[in-house]
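This is what each chain is made of:
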Amino acid sequence: VPFFSHPMYHRPKKERPFKIVCAMRTKGMPYLRQQIYEKIKHYGPDNKWLSLREHAHRLRQTLINVVANGVVFPPRTCADTLAAGALMMTEEYVKDIKFLPFSDLEDGVDYVSYNLDNICDKLDFLLANPELIDKIRMSGLNKFTTGYDYARSAKQLLAWLENNKKNNLNCYGAGQMR
């Protein structure tokens, strides 16, 4: 069952005035997030904490969203980034997480992974190659569009429930389900 990605993220804008966003509170954040922010702060990322609606509006106008460890629910944050049409830059560990129920994401094609040792090199390379940013962020948006389908997920869930209901009836006898 996919998590919920709010539809307000699903309307990407053509204009991208925000180069880099790394939305995190800077006070009291986990140590690893502090390290990530310290590494990238010279790029001037917009890290202003906004309401959900304001953040969605900003993300739909962002070139690169740096998703840092310690976000409330990383799969949702990553899906929202893809839905907004921003290039998702996220930590390497995400390669083992299935964000989209009907598509698999490929590092370097649909998103860019990083670690503390290479985040600045990767940002430098991307910023020097704006056509690559557009190519990767559009590939990520296309993967989101084909890989995140509420109706298809609901049908699969209903089929699974029906199948398990029948199996339980067969195991316990009609009317004697526990």
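Structure report, in brief. Values in this document were obtained by computation on a predicted structure and should not be read as measured data. (Residues numbered from 1 in each chain as written. Predicted model: local features only at pLDDT ≥ 70, side-chain atom pairs only at ≥ 80, totals over all residues. Heavy atoms only, no water.)

Let us look at the packing of helix α3 (residues 74-83) against helix α5 (residues 130-147). Where α3 meets α5, the closest approach of the two axes is 8 Å, and the angle between their N-to-C directions is 110 degrees. Between α3 and α5, the angle falls in the class roughly perpendicular. You can see that α3 and α5 cross each other, and the crossing is left-handed. Residues A79, L82 and A83 of α3 touch α5, and the partners they reach there are G140, L141 and F144. Here the contact of α3 with α5 is composed, by residue class, of five nonpolar, one polar and no charged. (Axes fitted to C-alpha atoms, helices over the stretch in contact; angles between N-to-C directions. Helix = DSSP H or I, 4+ residues; strand = E, 2+ residues; numbered from the N terminus. Parallel < 35°, antiparallel > 145°, perpendicular 65-115°, else oblique. Left-handed = near helix turned anticlockwise from the far one by under 90°. Contact = heavy atoms within 4.5 Å. Nonpolar A, V, L, I, M, F, W, Y, C, P; charged D, E, K, R; others polar.)

Before going further, it helps to spend a moment on a nonpolar patch on the surface. Nonpolar side chains collect at one region of the surface, where L157, L158, W160 and L161 lie side by side and expose about 410 Å² of accessible area between them. In this structure, L158 sits in helix α6 (residues 150-172). Overall, L158 belongs to the exposed group, its relative accessible area being 55%. (Patch = residues over 30% accessible without salt bridge, like charges linked within 9 Å, V, L, I, M, F, W, Y side chains within 5 Å. Areas by Shrake-Rupley, 256 points an atom, 1.4 Å probe, with all protein chains shown as cover. Salt bridge = Lys/Arg side-chain N within 4 Å of Asp/Glu carboxyl O. Buried < 20%, exposed > 50% of the residue type's maximum accessible area, 1.4 Å probe, protein only.)

Counting residues in hydrophobic clusters, the biggest one holds 22 residues, and the most contacted among them are I64, V66, L87, M89, I119, L123 and L126. Looking at this core, the elements with two or more residues in it are α1 (31-40), β2 (62-67), β3 (87-91), β4 (112-114), α4 (119-128) and α5. Sequence-distant contacts of L87, that is, excluding residues within four places in its chain, are made with L63, I64, N65, T81, V112, L126, I133, I136 and R137. L59, F99, L100 and Y148 belong to the second largest nonpolar core, which has 18 residues in total. (Core = buried A, V, L, I, M, F, W, Y, C linked by side-chain atoms within 4.5 Å.)

Contact geometry for α1 and α4: axes closest at 9 Å, N-to-C directions at 40 degrees. The angle between α1 and α4 falls in the class oblique. Crossing of α1 against α4: the hand is right-handed. Listed contacts from α4 to I36, K39 and I40 of α1 are I119, C120 and L123. Each residue belonging to the contact of α1 with α4 can be placed in one class, and the counts come to five nonpolar, no polar and one charged.

The next subject is a negative patch on the surface. A cluster of acidic residues, E92, E106, D107 and D117, forms a negative patch on the protein surface. Note on placement: D117 falls in the loop between β4 and α4. With relative accessibility at 70%, the residue D117 sits in the exposed group. (Lys, Arg positive; Asp, Glu negative; His and termini not counted. Charge placed at Lys NZ, Arg CZ, Asp CG, Glu CD.)

Our next topic: the pattern of salt bridges. Side chains bearing opposite charge may pair, as long as their charged atoms lie close to each other. Scanning the model with the defined rule gives five salt bridges in all. Note that D46 and R58 form a salt bridge whose closest N and O atoms lie 2.9 Å from each other. Pair noted here: D46 is in the loop between α1 and α2 (52-59) and R58 is in helix α2, with a separation of twelve residues, a long-range link. Between D134 and R137 there is a salt bridge whose closest N-O contact spans 3.0 Å. Of the two residues, D134 and R137 are both situated in helix α5; the distance of three residues between them amounts to about one turn of the helix.

Strand order in the open sheet made by the four strands is β1-β2-β3-β4, with parallel pairing throughout. Edge positions in the sheet fall to β1 (18-21) and β4, since each has one partner strand and no second. Going from strand to strand, the sheet's axes swing by 15 degrees on average, the running direction of each strand aside. Relative to β2, β1 is paired through three bridges, and the arrangement is parallel. Its bridge partner being in β2, I20 is matched across the sheet by I64. (Pairing = 2+ DSSP bridges.)

Glancing now at the pairing of β2. The buried fraction of β2 is high, at six of six residues. Inspection of the sheet shows β2 paired to β3 by four bridges, in the parallel sense. Within the sheet, the bridge partner assigned to I64 lies in β3 and is L87.

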